[in-house]
Amino acid sequence: MVSRARVFVTLKAGVLDPQGDAVQESLASLGFDGVHDVRVGKVVDLHFAETSREDAFARLGAMATKLLANPVVENHRIELVEATKGSQ
Amino acid sequence: MSVALVRFLGSNCDRDCMHVLTHVIESQAVWAWHDDVELPPGTTAVLLPGGFSHGDYLRCGAMAAHRPIMSAVKRFAEAGGPVLGICNGFQILCESGILPGVLLPNRGGDFICKRVGLSMEGGGTGLLRGYAPNEMIELTIAHHDGNYFADDATLRALEQKQQIALRYTELDDRGDAKANGARLGIAGIFGGPGNNVLGLMPHPERQSEARLGGIDGLRLLQELTR
């Protein structure tokens, strides 16, 4: 059973990321050499009523494609967080 | 008959649009609210104005696209009603799936506010009926996310169906817009069952009065009131 998840939203390969480019330039100006191809994504943490892993995956997948990510340019990855015994 | 002007939390070009519709064109326009489930009675056209709806949270237009009013706008568009989305309104139309593609951050990462040259490729059709095909005009753009992106298949379909409504005239050597990187220089596209939906990044309401620097945008808003 799970009640927490983390959804990673990242830009698809080939989609330009001006924010990532700017971060890369700033890193270089700070002296961090050799960094290339910086991509900035999003992490969405969700807490929900405890449910099965299957149900959580299905619902989070729907949330991701309907709102959290734009499938035209973004990928998503769902990470379920197991409920720890102490927190129940 | 009247234009329904939809306000979201963070719309900020709404009053400019209302001013042009009611004072310059002297037509009928009424407010609609993002929480409304229906468009106002007697709505003959819908206008989604520019701004930073719902804080641009997640992605530009992503929150607005799922507000209750957008179900009504979608039904109106699918029934062939004229719908115009300007700037953030264009982003909302894309996020809601009424128009294909998405508006990404500008290629240079800057917010760009300047007047640009445009070619009205879809002149003579739909809401661009007031323009000649490929007529050259100038309008102001003011956006951070105007970099139109769609995959190759979608772009080909847009070209084949003649749904590219307007393009920036200044292109880079890849054929993308110099200003923001928009693919194929796309500044606006048609959609809907009869090309009755138009989304565009430039602001026609900002060039609708001669004393404010130009009237190239006026014919578009006039068409909305017909």
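Preceding this paragraph is the structure being described.
Residues numbered from 1 in each chain as written. Chains lettered and ligands numbered in written order. Predicted model: local features only at pLDDT ≥ 70, side-chain atom pairs only at ≥ 80, totals over all residues. Heavy atoms only, no water.

Engineer: Tell me what's going on with the pattern of salt bridges, and back it up with residues and numbers.
Structural biologist: Residues and elements named next belong to chain B. Under the criterion given, the structure shown has 19 salt bridges over all chains. Here Arg183 makes a salt bridge to Asp152, at a shortest N to O gap of 2.8 Å. Residue Arg183 is found in the loop between strand 9 (164-168) and strand 10 (186-191), and its partner Asp152 is found in helix 4 (residues 152-160); the two are separated by 31 residues along the sequence. Judged by its relative accessible area of 23%, Arg183 is partly exposed. A salt bridge links Arg174 to Asp176, with the shortest nitrogen-to-oxygen separation between them at 3.8 Å. (Salt bridge = Lys/Arg side-chain N within 4 Å of Asp/Glu carboxyl O. Helix = DSSP H or I, 4+ residues; strand = E, 2+ residues; numbered from the N terminus. Buried < 20%, exposed > 50% of the residue type's maximum accessible area, 1.4 Å probe, protein only.)

Engineer: Outline a nonpolar patch on the surface, listing residues and values.
Structural biologist: All names here are of chain A. A grouping of Leu30, Phe32 and Val35 is seen on the molecular surface, where their side chains present a nonpolar patch of about 310 Å² in accessible area. Here Leu30 shows up in the loop between helix 1 (18-29) and strand 2 (42-51). Classification of Leu30 by relative accessible area gives exposed; the value is 63%. (Patch = residues over 30% accessible without salt bridge, like charges linked within 9 Å, V, L, I, M, F, W, Y side chains within 5 Å. Areas by Shrake-Rupley, 256 points an atom, 1.4 Å probe, with all protein chains shown as cover.)

Engineer: Quick one: what's the story with the nonpolar core, residue by residue and with numbers?
Structural biologist: Ranked by internal contacts, the top residues of the largest apolar core, which has 67 residues, are B:Leu47, B:Leu84, B:Leu128, B:Tyr148, B:Leu166, B:Tyr168 and B:Leu198. For this core, the leading source of residues is helix 2 (residues 68-78) of chain B, giving six residues. Other than its neighbours up to four places away in sequence, B:Leu166 contacts B:Leu118, B:Ser119, B:Met120, B:Glu121, B:Leu128, B:Gly185, B:Ile186, B:Ala187, B:Gly188, B:Leu198, B:Leu200 and B:Pro202. Within the second largest apolar cluster, 12 residues are counted, among which are A:Ala5, A:Val7, A:Leu60 and A:Ala69. (Core = buried A, V, L, I, M, F, W, Y, C linked by side-chain atoms within 4.5 Å. Contact = heavy atoms within 4.5 Å.)

Engineer: Hey, could you go over the state of the cysteines for me, with residue numbers and the actual values?
Structural biologist: All names here are of chain B. As enumerated under the stated definition, the model contains zero disulfides over all chains in all. Lacking any disulfide linkage, Cys13 is separated from the closest cysteine sulfur, that of Cys17, by 6.4 Å. Of all cysteine sulfurs in the structure, the one in Cys87 sits closest to Cys113, which takes part in no disulfide; the separation is 9.7 Å. (Disulfide = S-S within 2.5 Å.)

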